[in-house]
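# Tertiary structure, described
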Amino acid sequence: MAQIHGQIESLKKLKHELNSHGIGRFNSIKEIDAFLVNFQHEKEAIIIAQRKRLLNEVKELNLTIKENINKYEEIKNEKITEIEVEIDTIRINIENLTERVKIGFLHKIFYGYKLKKQKKLLAYYNSNMPLIISNSTINIQRIIENDENRLKHINDNSEQIINERSLPGIRNLYNVKKTIEDLYPLVAGTIGENLVVKEIEKLPNDYILLNDFSMKFSPPIYNRHTNDRIFSIQIDHLLISKSGIYILETKNWSKKSIESLDLRSPVEQITRTSYALFLLVNDAKIKLTEHHWGDKQIPIRNIIVMINEKPKEDFKYVKVKSLKELNNYLTYFEPVFTETEVYRIANYLIKNQN
């Protein structure tokens, strides 16, 4: 399998754009494709998840209500027992005080007041026992009532609640989908470049692919044929092999885009890049095996890889190939470098890119 270095440039841009919209869930074009394919399923999954949460909430409410009813009974029974003990104690006190007031005048005055007070307290307990019990359980009763009302509301409005709770997640899902659709040109470019990488990976491991290769020149490289100063170059894919260097520019264009006069010519773009790269690598001090005729030149071939439509015309200095044609073309040429030389060329380019 060919050796791959670096991340494709369009994927970096796409991730940056998505992150700027608060979308950080995608790390590859494969994940984006999967999202678009499974969009409806993911939408349904949000609803299913909310339905499951609501069912769990109902189960928990039923359990809580049951536990609180038991707690209510415990509090009620404890209070009843407490009141009964208190009543029994008061009755014993009344019996004792009744005997004491019979002893004499002074006892009647002293203990009579206490007796009256105990009788009044007994009357209070006998008349207000339900209220006392109710006051002791009022808090737990309110909790039970609130939970029962909540449970009834859920049972009566379950679908509405599920839809309301699902809405934020579904809105976010549609926002992600719309953002991807708005970024379609970038997505299409990423898909195209990713397909090229997958195709190159099928080649032997003495092919080295550098994704998103870029260099800046100071001073700029001057092309006297076009009167152009080249300050920098950026290449989708730079492939180094035993047969030389290949500049690969990927275009996932429709027929309409190919015929559009508004889009910059990829032939002009790749030719300009090729000129600068040719001067760079052939002027560099890359140690190559000597030939008795003289210094070897590093050949550079320019390929525009068309993922979708492809123009019928041929172009000077540039080959236009479909994805299916790519590897056959790359392996057509005879080797002129050893594997060691391939690594030396690749290492030089990796170290000097910026």
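Cut-offs used in this document
Position labels on residues start from 1 in each chain and follow its written sequence. Where local features are concerned, this predicted model is filtered to residues with pLDDT of at least 70; where side-chain atom pairs are given and counted, the filter is 80 or more; whole-chain, interface and lining totals use all residues. The basis for every side-chain value is the complete set of heavy atoms in the structure, and neither hydrogens nor water enter the calculation. Put simply, DSSP marks the helices as runs of H or I at least four residues long and the strands as runs of E at least two long, and each gets a number from the N terminus on. Based on C-alpha atoms, the radius of gyration is set beside the globule rule, defined as 2.2 Å times the residue count to the power 0.38. Buried, partly exposed and exposed residues are distinguished by accessible area as a fraction of the type maximum, computed with a 1.4 Å probe on protein chains only: under 20%, between the cut-offs, and over 50%, respectively. Per-residue accessibility takes into account occlusion by the displayed protein chains alone, with areas from the Shrake-Rupley method and a 1.4 Å probe. By nonpolar core we mean a set of buried residues, namely Ala, Val, Leu, Ile, Met, Phe, Trp, Tyr and Cys, connected to one another through side-chain atoms within 4.5 Å. We call two strands paired when DSSP finds no fewer than two bridges between them. Lines are fitted to the C-alpha atoms to define the axes, a helix being fitted only along its stretch in contact, and any angle between axes, read from their N-to-C directions, falls within 0 to 180 degrees. Working rule for contacts: check all heavy atoms of both residues, and any pair within 4.5 Å makes them a contact. Pairs of N or O atoms are called polar contacts if they sit within 3.5 Å, as long as, within protein, a hydrogen donor faces a hydrogen acceptor (for residues adjacent in sequence, only side-chain-to-side-chain pairs). Here the expected span of a helix is defined as 1.5 Å times the quantity of residues minus one. Within a predicted model, pLDDT stands for the predictor's per-residue confidence, ranging from 0 to 100. For Phe, Tyr and Trp, rings pair up if their centres lie within 6.5 Å, where Trp contributes its six-membered ring, and each pair is then called stacked (planes under 30 degrees apart), edge-to-face (over 60) or tilted (otherwise). Our definition puts a charge over a ring when NZ of Lys or CZ of Arg is within 6 Å of the ring centre and also within 35 degrees of the ring normal.

### Some words on the overall build of the protein chain
- Across its full length, the protein chain holds 10 helices and 6 strands.
- What you see for the protein chain is a C-alpha radius of gyration of 43 Å, clearly larger than the 20 Å of a compact globule of 354 residues, by over 25%.
- Each principal axis of the C-alpha distribution contributes one length, and for the protein chain these read about 145 × 45 × 35 Å.
- The buried share of the protein chain, taken over its 354 residues, is 37%.
- With an accessible surface of roughly 22,300 Å², the protein chain has 51% of that area assigned to carbon and sulfur atoms.

### Some remarks on the nonpolar core
- In this structure, Phe213, Ile233, Leu238, Ile245, Leu277, Ile345 and Leu349 are the most contacted members of the largest nonpolar core, which totals 34 residues.
- Those elements giving two or more residues to this core turn out to be strand E2 (208-223), strand E3 (228-241), strand E4 (244-251), helix H8 (266-283), strand E5 (300-306), strand E6 (318-322) and helix H10 (339-352).
- Counting 19 residues, the second-largest nonpolar core is a separate cluster that includes Leu11, Leu239, Leu248 and Ile307.

### Some words on the sheet that holds E3
- Taken in spatial order, the 6 strands line up as E1-E2-E3-E4-E5-E6 in an open sheet, and their pairing is mixed. In the strand order of this sheet, the two ends are held by strand E1 (3-5) and E6, each with one partner. Averaged over all adjacent pairs, the angle separating strand axes in this sheet is 40°, with direction ignored.
- Bridging between E4 and E5 involves 7 bridges; their strand directions are parallel. Directly across from Lys251, in E5, lies its bridge partner Met306.
- Strands in contact with H10 are E1, E2, E3 and E4; relative to E2, the strand with the most contacts, it is inclined by about 65°.

### Topic: the side chain of Ser243
- Mapped onto the elements, Ser243 comes out in the loop between E3 and E4.
- At 2.7 Å, the side chain of Ser243 and the side chain of Tyr246 are in polar contact.
- In this structure, Ser243 is in contact with Pro299, Arg301, Leu330, Phe333, Glu334, Pro335 and Val336, ignoring residues within four places of it in sequence.

### Details of helix H6 (residues 184-200)
- In a regular helix each residue adds 1.5 Å, so 17 residues correspond to 24 Å; H6 covers 24 Å between its end C-alpha atoms and thus fits that length.
- Restricting attention to buried positions, one finds in H6 the residues Leu186, Val187, Ala188, Thr190, Gly192, Glu193, Val196, Val197, Glu199 and Ile200.

### Quick word on the confidence of the model for the protein chain
- The predicted model of the protein chain averages 91 in pLDDT, with 99% of residues at 70 or higher.
- By mean pLDDT, the top-scoring element of the protein chain is helix H5 (residues 158-182) (96), and the lowest-scoring one is helix H7 (residues 255-259) (80).

### Comments concerning the packing of aromatic side chains
- Scanning the model with the defined rule gives 7 aromatic pairs in all.
- With 5.5 Å between their ring centres and 65° between their planes, Phe26 and Phe35 make a pair best called edge-to-face. Residue Phe26 shares its accessibility class with Phe35, and that shared class is buried.
- Measuring from centroid to centroid gives 5.3 Å for Tyr332 and Phe333, while their planes differ by 85°, and the two rings are edge-to-face.
- Taken together, the ring pairs in this structure connect Phe26, Phe35, Phe39 and Tyr174 into an aromatic cluster.
- For the cation-ring pair, Lys177 lies above Phe39, with the distance from its terminal atom to the ring centre recorded as 5.4 Å.

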